[in-house]
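Observations on chain architecture
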Amino acid sequence: MSDTPELHTLSSPPNDGITSLTYLTPNLLASSSWDGCVRVHDTQSLDPKTVSAAQVPILSLARSSAAGNATSMDPIFMGCLDGSVRSFDVASSQWNTLGSHGAGCQAVVNSATIDGYAVLSAGWDSMLKCWDPRMKSEALSLKLPGKAFSMDAVGGTIVVATSGRKLCIYDCRRMGDVSLVQERDSSLKYQIRTVRLFPDSSGMAVGSIEGRVAVEYADEAAAAALGRKKYAFKCHRVGETIYPVNSIAFHPKYGTFATGGCDGSVVIWDGLNKKRISTLPKFPTSISALAFNHDGSQMAIASSYTFEEGERDHP
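These notes cover the structure that comes with them. Along each chain, residues carry numbers from 1 onward, in the same order as the chain's sequence is written. It should be noted that, the model being predicted, local features are given only for residues of pLDDT at least 70 and side-chain atom pairs only at 80 or more, the latter also being counted only at that level, while totals for whole chains, interfaces and linings use all residues. Heavy atoms throughout the structure, all of them, feed into the side-chain values; hydrogens and water do not.

**Brief notes about the overall build of the protein**
Stated formally: Strands here mean DSSP runs of E at least two residues long; helices mean DSSP runs of H or I at least four residues long; both are numbered from the N terminus. What makes two residues a contact is simply this: any of their non-hydrogen atoms within 4.5 Å. Surface accessibility follows the Shrake-Rupley procedure with a 1.4 Å probe radius. Residue values consider only the protein chains on display as shielding. Note that His is not counted, nor are the chain ends; the positive residues are Lys and Arg, and the negative ones are Asp and Glu. Charged groups are reduced to one reference atom each: NZ for lysine, CZ for arginine, CG for aspartic acid, CD for glutamic acid.
Per the secondary structure count, the protein includes 1 helix and 28 strands. Along the first, second and third principal axes, the C-alpha set of the protein runs to 50 × 45 × 35 Å. In the protein, the proportion of contacts linking residues at least 24 apart, taken out of those at least 6 apart, comes to 43%. Total accessible area computed for the protein in this model is approximately 13,800 Å², and 48% of it derives from carbon and sulfur atoms. Here the protein contributes 29 positive and 31 negative side-chain charges, whose respective centroids are spaced 6 Å apart.

**Regarding the packing of aromatic side chains**
For clarity, the threshold we go by: Aromatic contacts are taken between Phe, Tyr and Trp rings whose centres are within 6.5 Å, Trp giving its six-membered ring; a plane angle under 30 degrees counts as stacked, one over 60 as edge-to-face, and the others as tilted. Only protein chains enter the accessibility calculation, which uses a 1.4 Å probe; a residue is then buried when its area is under 20% of its type maximum, exposed when over 50%, and partly exposed in between. We call a charge positioned above a ring when the Lys NZ or Arg CZ atom is no farther than 6 Å from the ring centre and deviates by at most 35 degrees from the ring normal.
Counted according to the given criterion, the structure contains 7 aromatic pairs. Taking the centre distance of 5.2 Å and the plane angle of 50 degrees together, the rings of Phe250 and Phe257 count as tilted. Residue Phe250 shares its accessibility class with Phe257, and that shared class is buried. Clustering of aromatic rings is evident, with ring pairs tying together Phe198, Tyr217, Phe250 and Phe257. Lys274 extends its terminal NZ or CZ atom over the ring of Tyr231, reaching a point 4.7 Å from the ring centre.

**Brief notes about the pairing of strand S8 (residues 94–100)**
On a regular strand, each side chain points to the face opposite its neighbour's, so the side chains alternate between the two faces of the sheet. Note the following rule: DSSP-based pairing: two strands are paired if at least 2 bridges between them are found.
Strand direction decides the pairing type here: strand S7 (residues 84–89) and S8, joined by 6 bridges, are antiparallel. Across the sheet, Ser84 pairs through a bridge with Ser100, a residue of S8.

**Some words on the sheet that holds strand S24 (residues 257–261)**
Heads up, the condition is: Axis lines are fitted through C-alpha atoms, for helices just across the contact stretch, and the angle between N-to-C directions can take any value from 0 to 180 degrees.
The strand order across the open sheet built from 4 strands is S23-S24-S25-S26, with neighbouring strands paired in antiparallel fashion. In this open sheet, the two strands that pair with only one neighbour each are strand S23 (245–250) and strand S26 (275–279). In this sheet, adjacent strand axes meet at a mean angle of 25 degrees when their direction is disregarded.

**Quick notes on the pattern of salt bridges**
Short version of the rule: Salt bridge, as used here, is a side-chain nitrogen of Lys or Arg placed within 4 Å of a carboxyl oxygen of Asp or Glu.
What the rule picks out here adds up to 10 salt bridges. Several salt bridges converge on common partners, so that one network encompasses Glu210, Arg212 and Arg237.

**Regarding the sheet that holds strand S5 (residues 58–63)**
Strand order in the open sheet formed by 4 strands is S5-S6-S7-S8, with antiparallel pairing between adjacent strands. Each edge of the sheet is formed by a strand with only one pairing partner; in this case those strands are S5 and S8. The mean inter-strand angle of the sheet, taken between neighbouring strand axes irrespective of direction, is 25 degrees.

**Brief notes about the environment of Arg228**
Along the chain, the position of Arg228 falls in the loop between helix H1 (220–225) and strand S20 (231–234). By relative accessible area, Arg228 is classed as partly exposed at 31%. Each C-alpha atom of the pair Arg228 and Asn273 lies 9.8 Å from the other, and the pair is 45 residues apart in sequence. Ignoring anything within four residues of it in the chain, the contact list for Arg228 reads Tyr217, Ala223 and Leu272.

**Description of the side chain of Arg39**
Note the following rule: Here a polar contact is recorded for every N or O atom pair within 3.5 Å, except that within protein the pair must consist of a potential hydrogen donor and a potential acceptor, and residues adjacent in sequence are included only if both atoms are side-chain atoms.
Positionally, Arg39 belongs in strand S3 (residues 37–42). A relative accessible area of 5% means that Arg39 is categorised as buried. Among the polar contacts listed, one links the side chain of Arg39 to the side chain of Asp35, at a separation of 3.0 Å. Sequence-distant contacts of Arg39, defined by excluding residues within four places in its chain, comprise Ser12, Pro13, Pro14, Asn15, Leu29, Ala30, Ser31, Ser33, Thr50 and Val51.

Now the structure itself:
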């Protein structure tokens, strides 16, 4: 990952800010936007395969299958600004609503369970909800310690970052059986913007509005036995100007990770060895989302102004 990769621009991008990216297959990329549309692009031809409108801004996306098992026919799940949790069937272009939060649904994830998979959503109403996509119904609802800002899932492990710098780790092994494993304060001093689990779910990388990333472990004692301790480092800073870290994405094989910030840069890090590997050529505006495909051969980057400087002219 040390060589500068070749960059390609997808045609027919969204008309407003990009909020989320997820790969459906190795070469099919789904994106969501404040313009209320979900788009599926072929990353080989660079052309859009599907564009469909939800009629409301979409804040987050999740594919319905594990990365290695996904197909182009799998539905996409999304959380919307009006609080709704919806699914979009790519094959039929049909929309369904699973249910709703009392305020915006900031994050959705797919969690593998013994009996299939569950869709989990976290909202600004400080609720975590579990949905059965087969029955299109709510299976469980749990109170969070604050508004949800970010969420990730690896297998049956879920982490939710909330207001008040809280990190909540849950276990979801069966549909509707979600248990809190741990709730703790982040080691970062300022508001969390994004959180992503290690590929083996043993820890997480947490990004804040203050241009810092913390690498933390779920079981600190077990990590210490391996000679690993939590730490934080500064990033996405230009001179005296500090930019938020908007997105983090782990490479599925190497365990390295990429960060994207409001400075328009994408940086690749070796978190285990505490080293910066490379920095991509700077983009014209903020990096709002990042995603690797299932084998790590592609990384999608959303360069989209995130209004960190309020209303102004922007690319």
